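Structure assessment
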Number of protein chains: 2
Amino acid sequence: MNILIIGGAGFLGQKLAHQLAQRGQLRGQSIARLILADIQPPTVPKAPFPVASIACDIANPADVAQAMPADVDVIFLLAAIVSAHAEQDFDAGLAINLMGVLNVLQQARALARCPVVVFTSSIAAYGGEVPDPIFDHSFLNPQTSYGTQKAMGELLINDFSRKGFVDGRGLRLPTITVRPGAPNRAASGFMSGIFREPLAGVPANCPVAPDYRHYYLSPRKCVENLVKGAELPSEALGQNRCMMMPGRDWSIAQMIAAMTAVAGPKPAQLISWQPQPEVQAIVGGWRHDIRPQKALALGLEADDSFEDNIRHYLADDAPQP
Amino acid sequence: MNILIIGGAGFLGQKLAHQLAQRGQLRGQSIARLILADIQPPTVPKAPFPVASIACDIANPADVAQAMPADVDVIFLLAAIVSAHAEQDFDAGLAINLMGVLNVLQQARALARCPVVVFTSSIAAYGGEVPDPIFDHSFLNPQTSYGTQKAMGELLINDFSRKGFVDGRGLRLPTITVRPGAPNRAASGFMSGIFREPLAGVPANCPVAPDYRHYYLSPRKCVENLVKGAELPSEALGQNRCMMMPGRDWSIAQMIAAMTAVAGPKPAQLISWQPQPEVQAIVGGWRHDIRPQKALALGLEADDSFEDNIRHYLADDAPQP
C-alpha cells in the first residue's frame, strides 16, 4: 500500500499523514510508503514506514509526474488555491484548481494500475438559486470561482472513473473548524479565527452577524472521513462518485455559546463585530441546510455538537500554555 | 453589431448564419459584420452585410485570437467534438470541448468590451441516478465524456459571466432532429437517420427499441431559440445562466408514426432494427422527462408536434427530387 498526499503541507494533509502513521494500514493493507507532496516540501511525521517529502506544483505536469510513483495505490488530492485567493487571482485558481486536478488525473491515468483518488471538493460548490434543503441530487450552482473549479474537478473525477482510468471519489468538505495555525486566504478563515484566537487570549473579528448560519465539521472528523472515503468499495459509489461530507448546521451565536460552555465566558469577550462586505459577498452565498444522505449511508460522520469541535481543538491542536 | 459564430461550418452554424442574414439585425441593432469560424473555413451565405470565413482550431489559443475581432458583440460558441467521438477519443474531447471553450472565454475576457456568448451545452449533461423528472435545479450527472465536458463548459460560462468577463448564456440542446446532411459521429445520429434516409428512399437502421424515449427539437426551432438566447437581457438570467432548451419527449414509435402521418407508409418500411450495444450504452443514459421551466418562462419554444419536425425538414432541408 503506497500512498501519495498532494497538498501534504496543509493542515489537513499533515493531520492525515499523522493519522496514517498511527493506523499503519489502509484498505486492509499495511502501508509500505507515504509520499507527501506540496508546493514546498512538507514536514514529515514519525511513522512505522518510510515517508518521503517532495516539492510539487500541480499546475506543472512534469512536477506531478515526478511526485507520483508508478506503484501508487491511493492518492489524496487535497491541494487547492482557497476561496478568497481564487476570487482575487482568477488565473491562479484555474491553474491549480482546474488544470492541476486535470494534471494529476492524467498522470494517474498513465499508470499501469488504476489508483484510488480521494478528491476534496467543497461546500462552496453549492450556491445560487437552488432551493433548500440541499440534497445529494441538488444542482451545483457555485457563486465563486473556487466553488466553480471544485465542481469542475468533481466532473473530472467522475468521468476519469467511469472510463476506468482512476477509482475516484470526491468529498465536498463542510467548512472545517476549528482550524489550527495561522490564518490562510480562505473567506471562511474567521470561522476558525473567532475561536482559535480568543481561546489563546487574542482578540479576533467576526465579519458577519451572529445569526449567520453555515455548515461545519471538525478537522478530526474530517480526517476520519477522508480515510473512510479511501476505504469505500468502488461499487458502493454509484453513478456519482462525489458527495457532501457530513457536517452540522450552526449559527455563529450557537458556536460562540458552545465555546463559552466549554471554556468559560472570557474568550467570547475578545470577539469584535466589524462587518467586512468582501467576506460577506463570498460566504453569503454559501449553504447551511444540507442533507448528506449518501455519505451518512456510507458511514461517514459529523460531530455530535459544536462543544465537541471546541474540545477536539483544545485536545488536538491548541498551543499548550 | 458584429457577430462571430464558432462552429460556423456545422449544420446549426450554417442555419444560424442564414437566419442572421435574413434578419439583418440582432439585439435591436443592424448587423455590421458576421464571421464564421470552424476547423475548415465555412461556406458563406448571401447576406446584406459582409460575411467572413476563417479556419480556427479552438484548441489553439492563437487561432482563437485571430478569429475573434476586438469589436465583437455576440459570439455563438457551437463548436464541439460530438458524443461518440468524445467517447472514443478522450483527449480530443478534452482539447476541444473543455480547453477550446476555455480558450474562447479567455480571449473574450481579454477584449475591452464584454461580449454576449451563447454556448450550446447538451441534454447529455443529464444522466445517472438523478430522479425524474429533470427540473431546472436537477443535478448534472453526465454519463459520457461529452456530457461531462459540456457541464464543465456551463460552469465556466457562469463563472466568467459572474466575474463580468463575458455576458454568457448556455442552452442545453435537446437532440436535434431531423438533422440534414451526412451522418456525423454523434451517438444520436440514428435519431435523424431513420427519418432522413427513408424519406429519400434509402434504408436506415434503428439501433434501439421502438419504445426508447428521448427529448427532441427541430433544427428550425433550435436556431430560433439560439437567436432568442442571444437577445435575452442579462438581468433575466439569474444566478445560473445555463438552462435546458425546450424540446418534446417522444418514443421512436411515436416519431415513426408521425413520419407516416406526413409522408405515407413507405418510409417506415425502410427502417431495420439491428440493436447496437455501443450506441445503446451511450443513449441509454440520456433523459427524456424534462421540464425546462426557466427557458419556457423566458420565451424559448419547442415544436408543437413531431409531424412539425418532419414538415420542417421537408420544407427546409430535404433534397429536392
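Remember, predicted model here, so these are calculated numbers, not experimental data.

**Observations regarding the overall build of chain A**
Helix and strand counts for chain A stand at 12 helices and 14 strands. A compact globule built from 321 residues should have a C-alpha radius of gyration of about 20 Å, and chain A, at 19 Å, falls within 12% of that. In terms of overall dimensions, chain A has C-alpha extents of about 55 × 45 × 35 Å along its principal axes. Counting contacts in chain A only where the partners sit at least 6 residues apart, residues at least 24 apart contribute 76% of the total.

**Here's the deal with helix 7 (residues 219-231) of chain B**
When the terminal C-alpha atoms of helix 7 of chain B are compared, their 19 Å separation across 13 residues agrees well with the 18 Å that a helix rising 1.5 Å per residue should span. Among the residues making up helix 7 of chain B, those that are buried are Pro219, Arg220, Lys221, Cys222, Val223, Asn225, Leu226, Gly229 and Ala230 of chain B.

**Remarks on the domain arrangement of chain A**
Residue and element names in this part refer to chain A. The assigned domain composition of chain A is domain 1 (2-176 + 216-244) and domain 2 (187-214 + 249-287 + 304-316). Each of domain 1 and domain 2 has a C-alpha centre, and the two are 27 Å apart. Across the contact, 15 residues belong to domain 1 and 13 residues belong to domain 2. Looking at which element gives the most residues to the side of domain 1 that touches domain 2, the answer is helix 3 (residues 83-88), with three residues.

**Digging into the pairing of strand 7 (residues 116-122) of chain A**
Within a regular strand, the side chains alternate between the two sheet faces. All names here are of chain A. Counted residue by residue, strand 7 has seven buried out of seven residues, so it is predominantly covered. One ladder, built from four bridges, connects strand 6 (residues 74-77) with strand 7; its direction is parallel. Within the sheet, the bridge partner assigned to Phe76 lies in strand 7 and is Val118. Direction of pairing for strand 7 relative to strand 8 (residues 167-173): parallel, over a ladder of seven bridges. Counterpart to Ser121 in the pairing with strand 8 is Arg172. Each parallel crossover has a hand, and for strand 7 linked through helix 5 (residues 145-162) to strand 8 it is right-handed.

**Notes on the confidence of the model for chain A**
In the predicted model, chain A carries a mean pLDDT of 96, and 100% of its residues have values of at least 70. The ipTM, which scores confidence in the relative placement of chains, is 0.95 for this predicted complex, and the corresponding pTM is 0.96.

**Structural notes on the nonpolar core**
Counting 200 residues, the largest nonpolar core has Ile6 and Leu77 of chain A together with Ile6 and Leu77 of chain B as the members making the most contacts within it. Both domains that furnish three or more residues to this core are identified here as domain 1 (2-176 + 216-244) and domain 2 (187-214 + 249-287 + 304-316) of chain A. Among all residues touching Leu77 of chain B, those that are not within four sequence positions of it are Ile6, Val101, Val104, Val117, Val118, Phe119 and Thr120 of chain B.

**Thoughts on the packing of helix 8 (residues 252-263) of chain B against helix 12 (residues 306-316) of chain B**
Each pair of packed helices can be described by the angle between their axes along with the distance between the axes. Residue and element names in this part refer to chain B. Close contact between helix 8 and helix 12 brings their axes to 8 Å; oriented N to C, the two are set at 55°. Overall, the two elements helix 8 and helix 12 adopt an arrangement that is oblique. Seen from above, helix 8 lies across helix 12 with right-handed handedness. Residues Gln254, Met255, Ala258, Met259, Ala261, Val262 and Ala263 of helix 8 lie in contact with helix 12, whose contacting residues are Phe306, Glu307, Ile310 and Arg311.

**Brief notes about the environment of Leu4 of chain B**
Residue and element names in this part refer to chain B. Within the secondary structure, Leu4 is located in strand 1 (residues 2-6). Leu4 sits in the buried class, given 26 other C-beta atoms within 10 Å. Placed 207 residues apart in sequence, Leu4 and Asp211 show a C-alpha to C-alpha distance of 40 Å. Beyond its immediate sequence surroundings of up to four residues, Leu4 is in contact with Ile35, Ala37, Ala67, Met68, Val72 and Ile75.

**With respect to the interface of chain A and chain B**
Many authors give the size of an interface as the accessible area that is lost as the parts come together. Contact with chain A, which involves 22 residues of that partner, is made by 22 residues of chain B. With eight residues, the single largest contributor to the side of chain A that touches chain B is helix 5 of chain A. Split into classes, the residues belonging to the side of chain A that touches chain B amount to seven nonpolar, 11 polar and four charged.

**Let's talk about the sheet that holds strand 11 (residues 213-217) of chain B**
All names here are of chain B. Pairing is mixed across the open sheet formed by three strands, whose spatial order is 9-11-13. Sheet topology places strand 9 (175-176) and strand 13 (248-251) at the edges, where each strand pairs with a single neighbour. As judged from the four bridges shared by strand 11 and strand 13, these two strands associate in the antiparallel manner. Within the sheet, the bridge partner assigned to His214 lies in strand 13 and is Trp250.

**Comments concerning the pairing of strand 1 (residues 2-6) of chain A**
Residue and element names in this part refer to chain A. Counted residue by residue, strand 1 has four buried out of five residues, so it is predominantly covered. Bridge count for strand 1 against strand 4 (residues 33-38) is five bridges, and the pairing is parallel. Pairing of Ile3 across the sheet is with Leu34, part of strand 4. Of the pairings in the sheet, the one linking strand 1 to strand 6 comprises four bridges and is parallel in character. For Ile3, the partnering residue across the bridge sits in strand 6 and is Val74.

**Some details on the relation of the copies chain A and chain B**
Once turned by 180° and shifted 0.0 Å along the axis, chain A lies on chain B with an RMSD of 0.0 Å. Taken together, the rotation and translation relating the two chain copies correspond to the operation of a two-fold axis. When each C-alpha of chain A is compared by its distance to the rotation axis, Phe139 of chain A comes out closest, at 2.0 Å. The overlap is high: 100% of the interface residues of chain A also sit at the interface in chain B, so the same surface is used on both sides.

**A few points about the packing of helix 1 (residues 11-23) of chain A against helix 7 (residues 219-231) of chain A**
All names here are of chain A. The contact between helix 1 and helix 7 brings their axes to 10 Å, and the two run at 65°. Relative to helix 7, helix 1 is oriented so that their crossing is right-handed. For the pair helix 1 and helix 7, the contacting residues are Phe11, Leu12, Lys15, Leu16 and Gln19 in the first and Pro219, Cys222, Val223, Leu226 and Val227 in the second.

**Focus on the sheet that holds strand 6 (residues 74-77) of chain B**
Residues and elements named next belong to chain B. Strand order across the open sheet formed by seven strands is 5-4-1-6-7-8-12, with parallel pairing between neighbours. Here the strands that pair on one side only, and so sit at the sheet edges, are strand 5 (51-55) and strand 12 (242-244). Across the sheet, the mean angle separating the axes of adjacent strands is 15° when strand polarity is ignored. Across the sheet, helix 5 (residues 145-162) lies against strand 7 (116-122), strand 8 (167-173) and strand 12, angled at about 155° from strand 7, the strand it touches most. Seen against the sheet, helix 7 touches strand 6, strand 7 and strand 8 and runs at an angle of roughly 160° to strand 8.

**Thoughts on the environment of Val227 of chain B**
Take Val227 of chain B: it is sitting in helix 7. Since 18 C-beta atoms lie within 10 Å of it, Val227 of chain B is described here as partly exposed.

**Considering helix 5 of chain A**
Residues lying three or four places apart along an α-helix face the same way, a consequence of the helix completing one turn every 3.6 residues. All names here are of chain A. Taking 1.5 Å of rise per residue, 18 residues should cover 26 Å, and helix 5 covers 26 Å from first to last C-alpha, within 8% of that figure. The buried fraction of helix 5 amounts to 17 of the 18 residues, a majority that puts the element mostly inside the structure. Of the residues trailing helix 5, Gly164 is marked for its positive phi of about 85°.

The rules we used
Residues numbered from 1 in each chain as written. Chains lettered and ligands numbered in written order. Predicted model: local features only at pLDDT ≥ 70, side-chain atom pairs only at ≥ 80, totals over all residues. Helix = DSSP H or I, 4+ residues; strand = E, 2+ residues; numbered from the N terminus. Rg over C-alpha atoms; globule rule 2.2 N^0.38 Å. Contact = placed C-beta atoms within 7 Å. Expected span 1.5 Å × (residues − 1). Buried ≥ 20, exposed ≤ 12 C-beta atoms within 10 Å, placed from the backbone. Domains from an automatic or database assignment. Pairing = 2+ DSSP bridges. Right-handed = clockwise from strand over helix to strand, strands pointing away. pLDDT = per-residue confidence, 0-100. Core = buried A, V, L, I, M, F, W, Y, C linked by C-beta atoms within 7 Å. Axes fitted to C-alpha atoms, helices over the stretch in contact; angles between N-to-C directions. Parallel < 35°, antiparallel > 145°, perpendicular 65-115°, else oblique. Left-handed = near helix turned anticlockwise from the far one by under 90°. Nonpolar A, V, L, I, M, F, W, Y, C, P; charged D, E, K, R; others polar. Least-squares fit on C-alpha atoms with pLDDT ≥ 70 in both.

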